[in-house]
Structure formats: structure tokens, C-alpha cells
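Fold and geometry: a report
Chain by chain, the residues:
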Amino acid sequence: MDQKTALVISAHSADFVWRAGGAIASHVQQGWRVKIICLSYGERGESAKLWRQPGMTLEAVKEARQEEAQRAADILGAEVEFWDIGDYPMRVSDETLLRLVDTYRALQPEFVLSHSEKDPYNFDHPLAMHVAQEARIIAQAEGHNPGQQVIGAPTMYSFEPHQTEQCDWKPNTFLDITDAWETKRKAIECMQGQEHLWAYYTRVALQRGVQAKRNVGITSKRTITYAEAYQRLTPTVSETL
């Protein structure tokens, strides 16, 4: 059987760890190939701890963020690419868009994870989701690079933003990551530049674990301690309900 694949499109080099590390590790454990695209390093907007160090430079910040994210991806078992398209502000060129289209077609992902479609606190996040969705549409078009293998319709999921209410984000999918939690925790601890978020995302995983357990039934024998929440953006097609 062909190996199943998944694509994670992360605005910054740490986003995939906090928000989708459990999904990545869990699917890798099941034999999937997972590719992560980090559009930027988060070198301006999400690297305050590094910038407070004397003599810090932009290139040194980028290097530190890449090293952290690479170690995290290695722990999770995923491939990672750093596209370095800029941060605060982030801008997506046609070249970047079409590079992502090529990635879709080469990888043929079963599903795609990216950010919430709205985020008033970080405009890079919805921009990443926008380009993820636009590239998906182009990758389905027979007329784009005729002869190249087009993709089907990979399921799109939005992972959890930092402040859900302000982002109009509502979870409709809970993923049990209990068996992958220790792997995710180790990946989280690679993010030395944002140590203040380690405990926060541990609490999020525990809270979502409680909610996931509630949604399988509190009398169920299934134990769920940690979970990640997602908003599925594409419809489910099924023969039964």
C-alpha cells in the first residue's frame, strides 16, 4: 500500500508544535509521512526573548528559531521546510503560492492543517490559511501545468488559535493525542524562545482531553487524557451517519 501523507502549513516556526504536534506525532506513529512548511521563522513577532539578548541580530534570531523547530520536527518524526518569506509583515508572492501548489501535487496529502481563518492578534496566521486554501484549489486544476498529477480534495482542518473566541473559531473535531503526548511535550520543550507557552499548551491539551472524553461518553471505557481540537473546514462525505 502507498504511504499516506499529510501537510501542515505553519505561519511561523513554532506554530506547528503548539497547535498540531500531537496530530503530527500520532500520524507518524501510524506510519504516515507528514511534511511541515514553515512560511517564516517568526523572527520579528514571536521572538521577544531572543531580541532581549544584547547584540542580537535578525540572522541570529532566524538561526535560533530554525534550530528549535528542526529539533522539534525531528522529535515528532516529520519533514520540515523553512521558506523564510518574512514576518511582521508576512507577504505571499505568486512564486510562493505556486511553490506550495507544487508541494501539494508532489505530496498528494490526505489532509491539510493550518491556522484559523480569522485572527485579529496575528495577521500572519489567517494569511497562511488563505494561501493553503488557494494552493489547494490551484493544485486541483487540470489547466495548471498540464500533465502534472493533480490532487483530489484533501480535508482542510484549522488548528486551535490562541484566543478562540476572538478568532470566531469553533472546534468540531477532537483528536486523542494521549499516546503521542510525551512526544509532543518533548517537542514543545525545544521551543526555548517561547518557554512561557509550555504550561499554557499543556493546559489546553488537558482541557481538550476532558472535552474529547465527554464527546465519546463519560461512561466509555476509553481513556482520553490529552487531545487537540480542530475545526474541519470541508464537508464530510459518508454513506452512513
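Note that the structure is predicted; figures quoted are calculated from it, not measured.

So, about the packing of helix H1 (residues 15-29) against helix H3 (residues 58-76). In the contact formed by H1 and H3, the axes pass within 9 Å of each other and the chain directions differ by 30 degrees. By the criterion of interaxial angle, the relationship of H1 to H3 is roughly parallel. Seen from H1, the contacting residues are Phe16, Val17, Gly21, Ile24, Ala25 and Val28; seen from H3, they are Ala69, Ala72, Ala73 and Leu76. Its residues placed into classes, the contact of H1 with H3 shows nine nonpolar, one polar and no charged.

Turning our eyes to something else, we now look at the sheet that holds strand S1 (residues 5-10). Pairing within the open sheet is mixed, and its seven strands lie in the order S3-S2-S1-S4-S5-S7-S6. The open sheet has two edge strands with one neighbour each: strand S3 (79-82) and strand S6 (173-176). Sheet twist, expressed as the mean angle between neighbouring strand axes with direction ignored, is 25 degrees. Strand contacts of H1: S1, strand S2 (33-38), strand S4 (111-114), strand S5 (155-159), S6 and strand S7 (227-232), with the helix running at about 100 degrees to S7, the strand carrying the most contacts.

On to the environment of Cys38, then. Turning to its location among the elements, Cys38 is positioned in strand S2. A relative accessible area of 0% places Cys38 in the buried class. As a C-alpha pair, Cys38 and Asp84 span 46 residues in sequence and 7.7 Å in three-dimensional space. When sequence neighbours within four positions are dropped, the list of residues in contact with Cys38 reads Ser10, His12, Ser13, Phe16, Val80, Glu81, Phe82, Trp83 and Asp84.

In total, this model carries 15 salt bridges according to the counting rule given. One salt bridge in this structure joins Glu81 and Lys35, with 2.8 Å as the shortest N-O distance. Of this pair, Glu81 sits in strand S3 while Lys35 sits in strand S2, and the two are 46 residues apart along the sequence. Since its relative accessible area comes to 26%, Glu81 is described here as partly exposed. What makes Lys35 buried here is its relative accessible area of 10%. A salt bridge links Lys184 to Glu228; the nearest nitrogen and oxygen atoms lie 2.6 Å apart. Pair noted here: Lys184 is in helix H6 (residues 181-188) and Glu228 is in strand S7, with a separation of 44 residues, a long-range link. The class for Lys184 is buried, based on a relative accessible area of 2%. Several salt bridges share partner residues, and in doing so they unite Arg33, Lys35, Glu79 and Glu81 into one network.

Let's shift gears to the nonpolar core. Proteins that are soluble and globular tend to have nonpolar side chains buried together. By size, the foremost hydrophobic cluster in this structure holds 40 residues, and its most contacted members are Val8, Phe16, Trp18, Ile24, Ile36, Leu113 and Met191. For this core, the element with the most residues is H1, which contributes seven residues. Ignoring sequence-local partners within four residues, the contact set of Leu113 consists of Leu7, Val8, Ile9, Ala20, Ala23, Tyr157, Phe159 and Tyr230. With 22 residues, the next largest nonpolar core counts Leu100, Val101, Met129 and Ile151 among its residues.

The rules we used
Residues numbered from 1 in each chain as written. Predicted model: local features only at pLDDT ≥ 70, side-chain atom pairs only at ≥ 80, totals over all residues. Heavy atoms only, no water. Axes fitted to C-alpha atoms, helices over the stretch in contact; angles between N-to-C directions. Helix = DSSP H or I, 4+ residues; strand = E, 2+ residues; numbered from the N terminus. Parallel < 35°, antiparallel > 145°, perpendicular 65-115°, else oblique. Contact = heavy atoms within 4.5 Å. Nonpolar A, V, L, I, M, F, W, Y, C, P; charged D, E, K, R; others polar. Pairing = 2+ DSSP bridges. Buried < 20%, exposed > 50% of the residue type's maximum accessible area, 1.4 Å probe, protein only. Salt bridge = Lys/Arg side-chain N within 4 Å of Asp/Glu carboxyl O. Core = buried A, V, L, I, M, F, W, Y, C linked by side-chain atoms within 4.5 Å.

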